[in-house]
Amino acid sequence: MTALPNRSPGTEGRASPVRADVPSGGRPSKRFACTARGAGAMGLVLAAALTGCTSEAAAPAQEPDASADLFLPRIPWEGGAEYWSQFSNADAAGWSDPAFFPIVSWHNGISSNEEVQYDKSLGLNTYIGLSEDTSFDLFEANDVFWIGDRLNESFNPESPHWVGTFLDDEVDGRFSPEQGLRQLEARAQTAPAGTFTMANFTQMVISQDMAARDAENLVNGPTDVVSMDMYWYTVPHCSLEPYRSPYLVEITQPACRTASSYGRSVEALRMRDAADGSLQRLWHFVENLNGGPAEGTYSGYAQPGQIQGAVMSAVINEARGILYFNQSFSGECETSNVFRASQVIPDFCGQPQIDAVREVNNRIHELAPVINTQSYEYSFGTGLDTMLKTDGTHAYVFAMPEGGSEPGERTFKLPEGTATGDVEVLFENRVLSAGGDGSFSDSFEHEYTFHIYRVPLAGQG
């Protein structure tokens, strides 16, 4: 099948996206290959793009990077903020700045600068799904971004504020796999030059109930960004009897309605994405109140700490963007626009959740230059889900309890190349002490509790 042309002008002099063949029914990729960019000469290649390859294809052994801050293997990635430089609109918008991290509001409504500025105060910077009478001036006046279609004549496809084209939502749940792929391909042909293409899927693409080839072809279709929605805290699935876990990465029933499930979803989606030997950006949805259906079993609202934990679990498992499902269809706090309700309704029933969204989003933005670096592969100890990054002077450890484990105390063993002594716990006004062997302990009160530690690199303390 013929590849879509590289639709991004103005990229002369940059490394071109590497195309790779995919299984029958998919498209060659426009995306960066799995060879790690910015990781020196070592290049971390995930898997050969062989006809008929599946998610079970193993990544080759990786050697530590002698030029990095730590002498450890790296997690394969699609590139840092540089990824966005291949799309002229996103590049001009500043998305290729390492300090930028996309946080999306799904089906919001904006009609004034005041509304957009309120959303920005919550840490939101991008929108998908708005009414047809929305003025594009609101994006340009407030430096926020649009992923979608041309809603009306005010929308300028050459503007850096129109960064992406949203191809479709949940085609895996609305069409046969073949029809869904054709739908995405047809939509991609109409995408304005300079925009990246994006699609969102249901949990079906990480389920083994769908044939691996079908799921891989959908995820590796004509997209530069894919996301997935599964609202583990609030959908009925986790409470069903008998319970099933048909997913590529097992999610047991005790762990189902926990923050860890959001991270495991990202992990499984990456397995599907890697099947063609090429990686793209993966984002994940989190409900800001309730992601459950309008009809059927009502499973309650995600609580403030749970929302923050779900977001952090996705980030720890290498999500490059967060989308908020912004509607609540059931229970006593129903609204079609949770974010706007929190702005205009006094004593809004979902205000604690939105306050939590603001806090975790702004922490992500503060740490974006670190989050946008390539992670190291390292195990700190048992019962932990972690992400390790460096910035040239410090190591950063993002940590949560592993899914299915009990909250409580955890012991960490720092890697060689970090300094012993003080371990700063960011945003908590605490300092721990690592012993001479690099070990320290900390407590995790809930399954959704997370801590972010900053440790000087050796010679930087």
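Keep in mind that what you see is a predicted model, and the values were worked out from it rather than measured.

Caption draft 1: A look at the overall build of the protein. The secondary structure content of the protein amounts to eleven helices and 15 strands. A fraction of 68% describes how many contacts in the protein between residues 6 or more apart in sequence connect residues 24 or more apart. As displayed, the protein has an accessible area near 17,400 Å², and 49% of this comes from carbon and sulfur atoms.

Caption draft 2: Seen up close, the nonpolar core. Counting 93 residues, the largest nonpolar core has W95, F196, W283, Y324 and F398 as the members making the most contacts within it. The biggest single contributor to this core is helix α11 (residues 351–371), with eight residues. If we skip the residues at most four places from it in the chain, W95 touches A81, W84, A90, F100, P102, T126, F145, I147, V163, F196 and W283.

Caption draft 3: Quick peek at the pattern of salt bridges. Summed over the entire model, instances satisfying the criterion amount to 17 salt bridges. A salt bridge links R320 to E78, with the nearest nitrogen and oxygen atoms 2.7 Å apart. One end of the pair, R320, is in the loop between α9 (304–316) and β8 (321–325); the other, E78, is in the segment before α1 (88–93), and 242 residues separate them in sequence. R320 sits in the buried class, given a relative accessible area of 8%. What emerges from the salt-bridge pattern is a single network uniting E78, R270, D273, R281, E318 and R320.

Caption draft 4: Just the packing of aromatic side chains, in detail. All told, the structure shown has 34 aromatic pairs when counted by the stated rule. Ring geometry for Y324 versus F339: centroids 6.0 Å apart, planes at 85 degrees, classification edge-to-face. Of this pair, Y324 sits in strand β8 while F339 is found in helix α10 (residues 338–344), placing the two residues 15 residues apart along the sequence. Aromatic ring contacts, followed pair by pair, group Y83, W84, F87, W95, F100, F145, F196 and W283 into a single cluster. The ring of Y376 carries R74 above its face, with NZ or CZ at 4.2 Å from the centroid.

Caption draft 5: Region of the structure containing helix α6 (residues 212–219). Within α6 the residues assigned to the buried category are A215, E216, N217, L218 and V219. Looking at the buried positions of α6, the neighbouring elements they touch are α4 (171–174), α5 (177–188), β5 (196–201), β6 (225–228) and α8 (260–274).

Caption draft 6: Structural view of the environment of N290. Examined against the element boundaries, N290 turns out to sit in the loop between β7 (281–287) and α9. On the accessibility criterion, N290 (0% relative accessible area) is buried. As a C-alpha pair, N290 and G350 span 60 residues in sequence and 9.9 Å in three-dimensional space. A distance of 2.5 Å separates a polar side-chain atom of N290 from the backbone nitrogen of G292. Separated by 3.5 Å, the side chain of N290 and the backbone oxygen of G300 make a polar contact.

Reading guide: rules and limits
- Residues numbered from 1 in each chain as written.
- Predicted model: local features only at pLDDT ≥ 70, side-chain atom pairs only at ≥ 80, totals over all residues.
- Heavy atoms only, no water.
- Helix = DSSP H or I, 4+ residues; strand = E, 2+ residues; numbered from the N terminus.
- Contact = heavy atoms within 4.5 Å.
- Areas by Shrake-Rupley, 256 points an atom, 1.4 Å probe, with all protein chains shown as cover.
- Core = buried A, V, L, I, M, F, W, Y, C linked by side-chain atoms within 4.5 Å.
- Buried < 20%, exposed > 50% of the residue type's maximum accessible area, 1.4 Å probe, protein only.
- Salt bridge = Lys/Arg side-chain N within 4 Å of Asp/Glu carboxyl O.
- Phe/Tyr/Trp six-rings, centres within 6.5 Å; stacked < 30°, edge-to-face > 60°.
- Lys NZ or Arg CZ within 6 Å of the ring centre and 35° of its normal.
- Polar contact = N/O pair within 3.5 Å; in protein donor to acceptor, adjacent residues only side chain to side chain.

Without other data, these values stay purely geometric and don't point to any function.
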